[in-house]
Amino acid sequence: MSCSQTESVLKKIVRKIGQECATRGQTVSETLVVFMVKAVVLDPRNDFNVDQTLTKKDVQNLIQLCVTRLLDTTNPSLRTIKMQVYFDMNYANRAELLSEQHRVLEGRLAPVVRDITDSRPRVQEIESVYQKIVSYVLLSSGLGSPTDIEVVREVTAGLQSVFPQREMITFISLSKKNKEQQLKNLAKLVTGIRLYNKECGKGGSSIDDLPAILNESIPSATQTVDERLNTCHRLAHQYTALLESMQEDQHRYTQLSCFKLKEALFNVRQYEAFLCILLSDAITSAQEVEKMNVQFAATMEQLKNTVQNKVSVDTKEVFPLFVALSNLWSSFQNEILLLSFLTNMTNSLQQFSEIQSQLFPKEVLTSLLEGVTVKSDEERIRETMGTRVNVSDFKNQEWLFPETTDNFDQLLIQYHGFCAHAIGVKGLTLPGNPAIGILKHKERCYVFSSKEAAYIFAQDPDKFIQLNVEKAKEHAELILLLELYHQFEYLAPYKQARNAGKYLMKPTTKRDSSTQTDTHILPPTIVTSYEWNEWELRRKAIKLANLRRKLTHAMQTDLSHMRRDNSTQVYLPKDVGTQTKRDNSSNVPRPQIFLDGLRGGSSPTTHMVKVDLTRPVDEN
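In what follows, the accompanying structure is described. Everything numeric in this text was worked out from a predicted model, so none of it was measured.

Procedures and definitions
Residues numbered from 1 in each chain as written. Predicted model: local features only at pLDDT ≥ 70, side-chain atom pairs only at ≥ 80, totals over all residues. Heavy atoms only, no water. Helix = DSSP H or I, 4+ residues; strand = E, 2+ residues; numbered from the N terminus. Buried < 20%, exposed > 50% of the residue type's maximum accessible area, 1.4 Å probe, protein only. Contact = heavy atoms within 4.5 Å. Core = buried A, V, L, I, M, F, W, Y, C linked by side-chain atoms within 4.5 Å. 1 Å grid on protein atoms, 1.4 Å probe; cavity = no way out; pocket = protein on both sides within 12 Å on 5 of 7 lines; lining within 4 Å. Points joined across faces, edges and corners; volume = space filled by probe spheres on them. Nonpolar A, V, L, I, M, F, W, Y, C, P; charged D, E, K, R; others polar. Domains from an automatic or database assignment. Salt bridge = Lys/Arg side-chain N within 4 Å of Asp/Glu carboxyl O. Axes fitted to C-alpha atoms, helices over the stretch in contact; angles between N-to-C directions. Parallel < 35°, antiparallel > 145°, perpendicular 65-115°, else oblique. Left-handed = near helix turned anticlockwise from the far one by under 90°. Polar contact = N/O pair within 3.5 Å; in protein donor to acceptor, adjacent residues only side chain to side chain. Phe/Tyr/Trp six-rings, centres within 6.5 Å; stacked < 30°, edge-to-face > 60°. Pairing = 2+ DSSP bridges. Patch = residues over 30% accessible without salt bridge, like charges linked within 9 Å, V, L, I, M, F, W, Y side chains within 5 Å. Areas by Shrake-Rupley, 256 points an atom, 1.4 Å probe, with all protein chains shown as cover.

## Describing the overall build of the chain
Alright, step 1. In terms of regular secondary structure, the chain is built from 22 helices and seven strands.
Alright, step 2. Looking at the chain residue by residue over its 620 residues, the buried ones come to 37%.
Alright, step 3. Put simply, 72% of the contacts in the chain that link residues at least 6 apart link residues at least 24 apart.

## Focus on the nonpolar core
Within soluble globular proteins, side chains that are nonpolar generally end up buried alongside one another.
Alright, step 1. Of all hydrophobic cores here, the largest spans 94 residues; its most connected members are Ile 17, Tyr 239, Trp 399 and Phe 448.
Alright, step 2. Looking at which element gives the most residues to this core, the answer is helix H12 (residues 261-307), with eleven residues.
Alright, step 3. By size, the runner-up hydrophobic cluster in this structure holds 48 residues, among which are Val 129, Val 155, Phe 163 and Ile 207.

## Let's talk about the layout of surface pockets
Unoccupied space between atoms shows up once a probe the size of one water molecule is rolled over them.
Alright, step 1. Considered as a void within the structure, the second largest pocket measures approximately 1,100 Å³ in volume.
Alright, step 2. At the level of secondary structure, the elements contributing two or more residues to the lining of the second largest pocket comprise helix H5 (94-117), helix H6 (126-141), helix H9 (176-200) and helix H13 (315-350).
Alright, step 3. A total of ten residues in the lining of the second largest pocket trace back to one element, the largest contributor, which is H5.
Alright, step 4. Of the residues assigned to the lining of the second largest pocket, the class counts are 15 nonpolar, 13 polar and eight charged.
Alright, step 5. Counting the residues that make up the lining of the second largest pocket, at least three belong to each of domain 2 (119-200) and domain 3 (210-369).

## Details of the pattern of salt bridges
Alright, step 1. Counted under the stated rule, the structure contains 18 salt bridges.
Alright, step 2. For Glu 244, the salt bridge is made with Arg 380, and the minimal N-O distance between the two is 2.9 Å. Of this pair, Glu 244 sits in helix H10 (residues 210-248) while Arg 380 sits in helix H16 (residues 377-383), and the two are 136 residues apart along the sequence. Arg 380 matches Glu 244 in its accessibility class, with the two residues each being buried.

## Side note on the packing of H5 against H6
When two helices pack together, their arrangement is given by the angle between the helix axes and by the axis-to-axis distance.
Alright, step 1. Relative orientation of the contacting elements H5 and H6 amounts to 165°, with a least axis distance of 9 Å. In this view, H5 runs roughly antiparallel relative to H6, as classed from their interaxial angle. You can see that H5 and H6 cross each other, and the crossing is left-handed. Contacts from Leu 105, Leu 109, Val 112, Val 113, Asp 115 and Ile 116 of H5 reach H6 at Val 129, Lys 132, Ile 133, Tyr 136, Leu 139 and Ser 140.
Alright, step 2. Looking at the contact of H5 with H6, its residues break down into nine nonpolar, one polar and two charged.

## Considering the side chain of Arg 194
Alright, step 1. In this fold, Arg 194 is placed in helix H9.
Alright, step 2. By relative accessible area, which is 2% here, Arg 194 ends up buried.
Alright, step 3. Only 3.3 Å separates the side chain of Arg 194 from the side chain of Glu 154, close enough to count as a polar contact.
Alright, step 4. Excluding anything up to four places from it in sequence, Arg 194 contacts Leu 138, Ser 141, Leu 143, Val 151, Glu 154, Val 155, Ser 206 and Ile 207.

## Describing the side chain of Gln 356
Alright, step 1. Considering the arrangement of structural elements, one finds Gln 356 in helix H14 (residues 355-359).
Alright, step 2. Since its relative accessible area comes to 5%, Gln 356 is described here as buried.
Alright, step 3. Setting aside residues up to four positions removed in sequence, Gln 356 forms contacts with Leu 235, Tyr 239, Ala 264, Asn 267 and Val 268.

## Digging into the packing of aromatic side chains
The geometry of an aromatic ring pair comes down to the distance between the two centres and the angle between the two planes.
Alright, step 1. Throughout the structure, instances matching the rule amount to 18 aromatic pairs.
Alright, step 2. Between Trp 329 and Phe 332, the ring centres sit 5.9 Å apart and the planes meet at 70°, which makes this aromatic pair edge-to-face. Taken together, the positions of Trp 329 and Phe 332, both in helix H13 and three residues apart, correspond to about one turn of that helix.
Alright, step 3. Relative accessible area serves as the criterion here: at 0%, Phe 332 is assigned to the buried category.
Alright, step 4. An aromatic cluster of three or more residues is present, and its members are Phe 394, Trp 399, Tyr 415, Tyr 446, Phe 448, Tyr 455, Phe 457 and Phe 464.

## What to know about the environment of Asp 596
Alright, step 1. Locating Asp 596 in the fold gives a position in strand S6 (residues 593-596).
Alright, step 2. C-alpha separation for the pair Asp 596 and Val 609, spaced 13 residues apart in sequence, amounts to 4.7 Å.

## Re the sheet that holds strand S3 (residues 438-441)
Alright, step 1. Taken in spatial order, the three strands make up an open sheet running S1-S3-S4, and their pairing is antiparallel. For this open sheet the edge positions go to strand S1 (398-400) and strand S4 (444-446), each flanked by a neighbour on one side alone. On average, each strand axis in the sheet is inclined to that of its neighbour by 35°, with strand direction left out of account.

## Description of the packing of H12 against H13
Alright, step 1. At a closest axis distance of 9 Å, the pairing of H12 and H13 adopts a crossing angle of 160°. Between H12 and H13, the interaxial angle falls into the category roughly antiparallel. For the element pair H12 and H13, the recorded crossing hand is left-handed.
Alright, step 2. Here the residues of the contact of H12 with H13 are counted per class, giving 23 nonpolar, nine polar and four charged.

## A look at empty space enclosed by the protein
Alright, step 1. Under the definition given, this model contains two cavities of 30 Å³ or more.
Alright, step 2. Considered as a void within the structure, the largest cavity measures approximately 40 Å³ in volume.
Alright, step 3. Lining the largest cavity we find Ala 92, Asn 93, Arg 94, Asp 281, Ser 285, Leu 338, Phe 341 and Leu 342.
Alright, step 4. Ranked by residues supplied to the lining of the largest cavity, first place goes to H13 with three residues.
Alright, step 5. A class-by-class count of the residues in the lining of the largest cavity yields four nonpolar, two polar and two charged.
Alright, step 6. In this structure, the second largest cavity spans a volume of roughly 40 Å³.
Alright, step 7. Around the second largest cavity, the lining residues are Ala 221, Val 225, Leu 278, Ala 282, Leu 342, Thr 343 and Thr 346.

## As for unusual backbone geometry
Alright, step 1. The residue Glu 443 is not glycine, and still its phi comes out positive at about 65°.
Alright, step 2. You can see Glu 443 is positioned in the loop between S3 and S4.
Alright, step 3. A relative accessible area of 52% places Glu 443 in the exposed class.

## Side note on a nonpolar patch on the surface
Alright, step 1. On the surface, a cluster of nonpolar side chains totalling about 410 Å² of accessible area is made up of Ile 593, Leu 595, Leu 598 and Met 608.
Alright, step 2. Looking at where Met 608 falls in the secondary structure, it is placed in the loop between S6 and strand S7 (609-612).

Note that every value here comes from positions in space, so none of it alone points to a role or purpose.
Given below as structure tokens:
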């Protein structure tokens, strides 16, 4: 069957299961149904072969099994799976939550920003655009209601002090990007001014005292999570003690086999893991608020000292302080959002653990624990602190210890830190003690609850790893609880599958070693041509530049190749002199010509005669 056909069949099965559950009055999400379908198929007790195409009978059987499990409200396993699906779909860390909140806020402000930046108002419409800017500043700050006239007046006054209406003409001429940036700057400035006025008692009556609210709410929320976490610890220790007593005493096994102790233990452990995440976030928020309180008080004091009832103050001094106040107040608002989210998550997760009181009322649990020694996780770890694996007992196994491994506390331990041996053999989630030794097998780290368990597991790690996988197939909630994402990638939630290898810390082993280095292992590399004097370098540069203008000629012929050197002697030319100039002159005779017959004659036939009277040149 192709991938598209398999997906089509799965969608039909999921739709049919959802309809069956809705018919019986139980609404289930599609994500939960998909997870349940895959969990039922994986369970070897249901005899489904994942490598073969499901027949029509197999599909009907699968639908019936899934509907039965989804409607079994008394099964802790179902509550655990629902809790895992809910947490995966709703939980977000600090960065993701704040990023989403920022995106939502920008989406709400986008129409107002668009009306301001895209408008090309005429003179009579400038006042309307200015009022829109007032609305944007008020909405982006989140300080007060836009329907409160007093708040609107306060924001308008603050805006006019830094951005008078006469500057609207300059604002309109800006580009769209510059307009958006100026709107953000104006919102921060006005927010800072309102916070300063509230501190001085000149306004801000609608602004809540967020630092005081956080200082009161965070300890309360942390205490609530801590109390529920302590309840989880107590129940986990009691359930573990009962399960151990069942394995040691057959009579106890018969007495307690009707109770779903393992499923209840897994439910408590998963609830405990989620509460630890929420508690860590609450502690982080408390630390951030403490830092911001100090910064806010220091900034406000600096602003007061800068202003000091002056008539006019340089904007270069006060504007950055107003912006800093606004940014800190936005951080306070973010912490309020985070605290509300953590509170809602804590309250929502509570519903998935209520089945504990239904299965094991206080009186019933007290009677079952008679004669049973209950040990806490801390007590179990203290009992094994003096024991340690002897590395020499293993030839091909790598063991990590605190004193020989860097980042020992940051190693990514498999199975959420539980004993790798107890899960598959006993079906228990016992806390592992890293001090015994961490086994590194195929680039993965495993811890154990005792030295004996470590030795047994190390004899054949692959065998026990497979036992743990088989145990997870029988109890699908263990896949997420033990973080078996690399064995069940198709069942891992999207967020966990995406980040499974993101925070893997590679162990760095350490050992004692020493080195010996000769005094002069290599010949000296002193550069004799080095010159520190720049004038000497200048002199050499001039010399090299002069050499570049010199030419060297050479010639090689076939007859002279590989023969003796020949030389010739030439005589240099002697000094001689020549004279090529002399003074001379000449006198050229003056030309004289006589014409006879110009005045006529006695005879009418007389002709004119031309006589040359010029003297010869040689007569001179």
